[in-house]
Amino acid sequence: MANSSQSLRRAALLVSAIAVLGLTTTACDNGSGTVSSPQTQSGTAAPAGGDASADGSGTPASTSGGTDTATGSNSTSSGSSTSSGSGGTSTNTGTASSTRCHTSELKAKVGANDPGAGQENFPIVLTNSSGRTCTVRGYPGAAFLNASGTQLGDDPQRESGSATTVTLKPGQSAWAGLSFSNPEVSGAKTATASWLAVTPPDEQDSLHVKWTAGAVPLSGNSSTVRLTVLSAGTGS
């Protein structure tokens, strides 16, 4: 009887042990019959300087700097020179179209001849006759006209030179050189001009100045008329 009781006690202990083992296995099961291992969730960082796309395909935003005033932007050139007297201020920068001198704001004249080495040299002077400050830059247009207003000869050729922006306060002037070989020296065919039509840079309307300096070359040898860029002052 004692042996039977001991057998029953052992059997009960064995059942208890099996039950405890079953509970432990169930707690570690992930429902698929396998034991789960720890997992790490990875984050996504935006590319430096770019957008927040996780694949890193974003590109940094570009930053544009200032550009030269010749294209009408914000930065300016540091080099400039100022003429005294009635001349304007000449700088190497461009000019915004809103500040340009219009034909109606200017008056023109032809200065005295300064001959030399068989050349006739005249300053074409543009003076700001308006009440505001404006600018001129580059080459004026010029053409000799007869009494009927018909152009004589070809358009003048432009001498090489660096264009500068000339700022003209009211009453200030800029000038360009007009030159040609003396027809008596060159033997060029001539015509009698009554007017010189002067067109300010970037304008379409002209100013007519009475031409009183004699015959002008029309064709033949050394008949080319030349123009220089505008500079501050009156050329005299």
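Residues numbered from 1 in each chain as written. Predicted model: local features only at pLDDT ≥ 70, side-chain atom pairs only at ≥ 80, totals over all residues. Heavy atoms only, no water.

As annotated in an unreviewed UniProt entry, the protein chain carries the name DUF4232 domain-containing protein and is attributed to Streptomyces prunicolor.

Enquirer: Requested: an account of the sheet that holds strand E13 (residues 207-210), with residues and values cited.
Expert: Strand pairs in the sheet, formed through backbone hydrogen bonds, run parallel or antiparallel to each other. The strand order across the open sheet formed by four strands is E7-E6-E12-E13, and the pairing between neighbours is antiparallel. Here the strands that pair on one side only, and so sit at the sheet edges, are strand E7 (151-152) and E13. By the bridge criterion, four bridges tie strand E12 (residues 195-199) to E13 in an arrangement that is antiparallel. Across the sheet, residue leucine 196 finds its bridge partner in E13, namely valine 209. (Pairing = 2+ DSSP bridges. Helix = DSSP H or I, 4+ residues; strand = E, 2+ residues; numbered from the N terminus.)

Enquirer: Let's hear about the packing of aromatic side chains: which residues, and what values?
Expert: Summed over the entire model, instances satisfying the criterion amount to four aromatic pairs. Relative to tryptophan 211, the ring of phenylalanine 122 has its centre 5.0 Å away and its plane inclined at 65°; by these criteria the two rings are edge-to-face. In this pair, phenylalanine 122 sits in strand E4 (residues 119-128) while tryptophan 211 sits in the loop between E13 and strand E14 (216-219), placing the two residues 89 residues apart along the sequence. The two residues phenylalanine 122 and tryptophan 211 agree in class, both being buried. For the pair phenylalanine 144 and tryptophan 211, a centre-to-centre distance of 4.9 Å together with 75° between the ring planes defines the contact as edge-to-face. Pair noted here: phenylalanine 144 is in strand E6 (residues 141-145) and tryptophan 211 is in the loop between E13 and E14, with a separation of 67 residues, a long-range link. Assigned by exposure class, phenylalanine 144 and tryptophan 211 land together as buried. A cation over an aromatic ring shows up here: lysine 210 above the ring of tryptophan 195, its NZ or CZ 4.8 Å from the ring centre. (Phe/Tyr/Trp six-rings, centres within 6.5 Å; stacked < 30°, edge-to-face > 60°. Buried < 20%, exposed > 50% of the residue type's maximum accessible area, 1.4 Å probe, protein only. Lys NZ or Arg CZ within 6 Å of the ring centre and 35° of its normal.)

Enquirer: Describe the state of the cysteines, and please don't skip the residues or the numbers.
Expert: Following the criterion strictly, the structure yields one disulfide and no others. At a sulfur-sulfur separation of 1.9 Å, the disulfide partner of cysteine 101 is cysteine 134. Judged by the torsion about the S-S bond (95°), the cysteine 101/cysteine 134 disulfide is right-handed. One end of the pair, cysteine 101, is in the loop between strand E2 (89-91) and strand E3 (106-110); the other, cysteine 134, is in strand E5 (residues 134-137), and 33 residues separate them in sequence. There is no split in this pair, since cysteine 101 and cysteine 134 are both buried. (Disulfide = S-S within 2.5 Å.)

Enquirer: Pulling in residues and values, what's your account of the pattern of salt bridges?
Expert: Side-chain pairs of opposite charge can arise where the charged atoms are in close proximity. Counting across every chain of the model gives three salt bridges. A salt bridge links arginine 100 to glutamate 203; its shortest N-O distance comes to 2.7 Å. Here glutamate 203 lies in the loop between E12 and E13 and arginine 100 lies in the loop between E2 and E3, a separation of 103 residues in the sequence. Residues arginine 226 and glutamate 159 are paired through a salt bridge, measuring 4.0 Å at the closest nitrogen-oxygen approach. One end of the pair, arginine 226, is in strand E15 (residues 226-227); the other, glutamate 159, is in the loop between strand E8 (157-158) and strand E9 (165-168), with 67 residues separating them in the sequence. (Salt bridge = Lys/Arg side-chain N within 4 Å of Asp/Glu carboxyl O.)

Enquirer: Any details on the nonpolar core? Residues and values, ideally.
Expert: One finds Val136, Phe144, Leu178, Leu196 and Trp211 to be the most contacted residues of the largest nonpolar core, which totals 28 residues. Looking at this core, the elements that each hand over two or more residues are E4, E5, E6, E9, strand E10 (173-181), E12 and E13. No other element matches E10, which puts four residues into this core. Beyond its immediate stretch of four places on either side in the chain, leucine 178 contacts Glu120, Asn121, Phe122, Ile124, Phe144, Leu196, Trp211, Val225, Arg226 and Leu227. (Core = buried A, V, L, I, M, F, W, Y, C linked by side-chain atoms within 4.5 Å. Contact = heavy atoms within 4.5 Å.)

Enquirer: Account for the environment of alanine 197, naming residues and giving values.
Expert: Position of alanine 197 relative to the elements: it lies in strand E12. On a C-alpha basis, the gap between alanine 197 and leucine 145 in space is 7.0 Å, while along the polypeptide they are 52 residues apart. Not counting chain neighbours up to four residues away, the residues in contact with alanine 197 comprise Gly141, Ala142, Ala143, Leu145, Ser206, Leu207 and His208.

Enquirer: Describe the environment of proline 140, and please don't skip the residues or the numbers.
Expert: Mapped onto the elements, proline 140 comes out in the loop between E5 and E6. Between the C-alpha atoms of proline 140 and valine 198, which are 58 residues apart in sequence, the distance is 6.7 Å. Discounting chain neighbours no more than four positions away, the residues touching proline 140 are Ala176, Thr199, Pro201, Leu227, Thr228 and Leu230.

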